[in-house]
Amino acid sequence: APSRVFASPLVRCVETAGAVAEEFGVEAIGVEEGLAETVCEEWMRQWALPDSDSSWDGPAGRPKSSSEPGVRAEAMQGPSALLRSAAEIRALGDEADLAAARRVDPAHQSHVRLREADFAWGRFETHEALAERMAATVRARVAEAPGQT
């Protein structure tokens, strides 16, 4: 059985991790920014453009351009405006009555600090950078608990 559960700082991911933690009797969820989705253009286009419709790569037929008018402010600010800290997610447990969020360890320190990265609209994360930060996160957490799952 798993001894620890980690999740991306996106609330929907914490909710999924909460179900896993509950099933296996793991008390706390560690929020890891390094497990967040890629901050690539395709991901941003699904929510950052004025006519976004949640489709990967944005609205159908819309050409790509890093100088899109009306891009949401959060996209211009990057991960610091998009991702919540473990403490902020934990607070949602009471504020929004999210059971999974109440399992989040508010003191957990993410191995990768994606909120400090310089990604934003027009400065997108590459697939190579995504792979490296996810692998670095997993390697760091595995090294902390050798022989455990």
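As shown above, the structure is provided for reference.
In what follows, the accompanying structure is described. (Residues numbered from 1 in each chain as written. Predicted model: local features only at pLDDT ≥ 70, side-chain atom pairs only at ≥ 80, totals over all residues. Heavy atoms only, no water.)

**Focus: the side chain of Glu32**
Okay, so step 1: Among the secondary structure elements, Glu32 is positioned in the loop between β2 (29–31) and α2 (41–45).
Okay, so step 2: Its relative accessible area of 0% is what places Glu32 among the buried residues.
Okay, so step 3: Separated by 2.5 Å, the side chains of Glu32 and Arg141 make a polar contact.
Okay, so step 4: Here Glu32 is in contact with Phe6, Ala7, Ser8, Pro9, His108, Gln109, Ser110, His111, Val112, Thr137 and Arg141, once residues within four sequence places are set aside. (Helix = DSSP H or I, 4+ residues; strand = E, 2+ residues; numbered from the N terminus. Buried < 20%, exposed > 50% of the residue type's maximum accessible area, 1.4 Å probe, protein only. Polar contact = N/O pair within 3.5 Å; in protein donor to acceptor, adjacent residues only side chain to side chain. Contact = heavy atoms within 4.5 Å.)

**Looking at helix α1 (residues 11–24)**
Okay, so step 1: If you check α1, its first and last C-alpha atoms are 20 Å apart, about what 14 residues at 1.5 Å a residue would give, namely 20 Å.
Okay, so step 2: Residues Val14, Ala17, Gly18 and Ala21 constitute the buried set of α1. Buried residues along α1 cover an arc of 115 degrees about the axis, so they all sit on one side. Exposed residues on α1 whose side chains face more than 90 degrees from its buried face are Thr16 and Glu23.
Okay, so step 3: Following α1 by one or two positions, Gly25 has its phi on the positive side, about 70 degrees. (Expected span 1.5 Å × (residues − 1). Arc of directions from axis to C-beta.)

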